[in-house]
Amino acid sequence: MDIEKQKSKTRKLGKWFKRKKKRADPFHLSEDSVEDENDDYLDNVLLRSREMDPTISINELRIFVGTWNVAGRSPVGSLAVDLDEWLNLKDAADMYVLGFQEIVPLKTLNVIGAEDPTEATNWNMLIGKTLNNKYGCPWLTPMLNIISSDNYHYAGSPNWKKRSSVGGRIGTPTRERSRNQSEKLNGNSKYKLMASKKMVGVYVSVWMKRELLRKFCVSNVKVCSVACGIMGYLGNKGAVSVSMSIEGTSFCFIAAHLASGEKKGDEIRRNHQVSEIFRRTSFPQAAKTDNSSPPLNILGHDQIFWFGDLNYRLCLEDSFARQLIKKQDWKALQEFDQLRREQKDARVFQGWQEGDIDFAPTYKYSSSNHNRYSGGLPSKAGEKQRTPAWCDRILWYGRGIKQISYFRSESKFSDHRPVSGLFSTQVKMLSLPVQELLHCTPFFPP
């Protein structure tokens with residue numbers, strides 16, 4: 001009976017938070033506005049929380065977001081040097097969120113066949129080795145099984161006990177068993193793999209500093225994939241996403257690969273795929289929660305990052321584009337950027353932000369000479385004619401996000417250059433009474 005009462009309180013708290021956090025803007029989907037008869041109870045909980053700590057506690061979290069189209073190539077050991085430069089470990093972040101496109105060749109068998117986790121695992125191993133190599137344990141990389149189900153859900157470790165104290169406040173969770181299991185698996189690794197998801201060639205991998213997993217309450221880690229390629233439903237194009245909560249702030253990370261092509265009208269296909277990803281991405285509630293609660297969508301999160309090979313091109317003749325690139329006149333070149341134009345005309349990503357692009361276009365580099373763009377004059381035999389473009393982008397939406405840097409790396413591994421953004425984000429800390437109602441505990445491996 002007590003368990004049922006606790007579940008009821010938790011469900012009511014979730015609905016109450018949604019109403020309190022409702023944002024009055026055209027991009028936030030409507031939410032249930034029905035009054036709850038127990039709002040007074042929940043208001044009192046928060047009032048008691050404020051009385052114990054009248055200030056709103058905000059912590060900074062530095063998040064590195066990266067995107068890279070690797071042109072169907074498998075990772076090799078020598079690529080660790082390129083990864084080290086891309087991840088900028090001299091200025092290490094708290095979290096690394098990496099999106100990849102074409103981690104497998106987009107051949108028919110790969111597109112319509114069963115998912116093979118091999119390449120995703122190989123990339124995770126190399127990323128983990130690179131992140132942790134400087135801390136003395138390159139081969140004890142923290143690994144979780146590759147998440148293959150869109151219904152994956154993690155809501156915190158159940159193996160904890162409350163320590164009673166004055167006022168009924170929660171003490172330190174008992175987690176020795178989880179810690180021991182974790183240490184056996186992970187040694188003294190610096191970063192831990194939180195979630196990963198693959199759909200054909202699109203792939204996302206999320207890593208977090210282990211020390212922060214003891215400091216913050218990390219919960220509700222979920223994944224989703226949306227295929228919108230051939231016939232609108234095959235996975236050669238689309239997005240894979242991760243949803244998670246860190247303390248009282250919800251995050252959504254979307255790694256996408258949109259339709260290619262530089263013909264007039266191709267941008268319409270890309271815009272349509274963006275709208276489909278918005279419409280079809282959802283993160284189901286945990287099986288044991290209130291079934292009446294709708295799935296969480298992209299815009300239902302506090303802070304959102306959308307990154308990938310978005311494939312928007314330059315609306316400019318090839319020779320003129322190359323002249324501006326030679327002059328390194330990025331400001332003039334941005335005037336012809338298709339994505340910026342589509343945003344300005346309110347056809348896609350309304351209200352989203354992107355940092356100032358102060359680097360050369362990232363696509364398409366020659367396969368025979370990785371220091372120059374493909375095509376141009378004089379034309380090379382067997383080489384595709386492509387106008388260089390900023391295909392690889394990172395956008396964000398939400399409050400409490402500040403971009404520190406936006407840059408490209410110079411790896412010659414594929415015909416795309418990797419792109420990265422470093423962000424400072426604000427995380428609202430949960431008060432102890434709210435943690436108690438949510439059964440929120442630090443994240444440890446199952």
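In case you missed it, the structure is sitting above this.
Below is a short write-up of the structure. Computed from a predicted model, the values in this text were never measured in an experiment. (Residues numbered from 1 in each chain as written. Predicted model: local features only at pLDDT ≥ 70, side-chain atom pairs only at ≥ 80, totals over all residues. Heavy atoms only, no water.)

## Quick word on the layout of surface pockets
Argument step 1. Taken as a whole, the second largest pocket spans an internal volume of roughly 340 Å³.
Argument step 2. Every residue lining the second largest pocket is counted, 18 residues in all, and those nearest its centre are Glu102, Ser260, Tyr363, Lys384 and Arg386.
Argument step 3. When the residues that make up the lining of the second largest pocket are grouped by side-chain class, the tally is three nonpolar, six polar and nine charged. (1 Å grid on protein atoms, 1.4 Å probe; cavity = no way out; pocket = protein on both sides within 12 Å on 5 of 7 lines; lining within 4 Å. Points joined across faces, edges and corners; volume = space filled by probe spheres on them. Nonpolar A, V, L, I, M, F, W, Y, C, P; charged D, E, K, R; others polar.)

## With respect to unusual backbone geometry
Argument step 1. Omega for the peptide link from Tyr363 to Lys364 comes to 0°, which places this bond in the cis form.
Argument step 2. Secondary-structure assignment places Lys364 in the loop between helix 11 (338-344) and strand 12 (392-398).
Argument step 3. Positive phi values are uncommon outside glycine, yet Phe349 reaches one of about 50°.
Argument step 4. Relative to the helices and strands, Phe349 resides in the loop between helix 11 and strand 12. (Helix = DSSP H or I, 4+ residues; strand = E, 2+ residues; numbered from the N terminus.)

## Considering the pattern of salt bridges
Oppositely charged side chains are able to pair whenever their charged atoms sit close together.
Argument step 1. In this structure the tally under the stated criterion is 18 salt bridges.
Argument step 2. A salt bridge links Glu211 to Lys190, with the nearest nitrogen and oxygen atoms 3.6 Å apart. Highlighted residues: Glu211 in helix 7 (residues 210-215) and Lys190 in the loop between helix 6 (176-186) and strand 4 (191-199), separated in sequence by 21 residues.
Argument step 3. Salt bridges here are not isolated pairs; linked through shared partners, they connect Asp337, Arg340, Glu354 and Arg393. (Salt bridge = Lys/Arg side-chain N within 4 Å of Asp/Glu carboxyl O.)

## Some words on the side chain of Ser424
Argument step 1. Take Ser424: it is sitting in strand 14 (residues 419-428).
Argument step 2. At 2.7 Å, the side chain of Ser424 and the side chain of Glu60 are in polar contact.
Argument step 3. Among residues more than four places away in sequence, those in contact with Ser424 are Glu60, Leu61, Gly400, Ile401, Lys402 and Ile404. (Polar contact = N/O pair within 3.5 Å; in protein donor to acceptor, adjacent residues only side chain to side chain. Contact = heavy atoms within 4.5 Å.)

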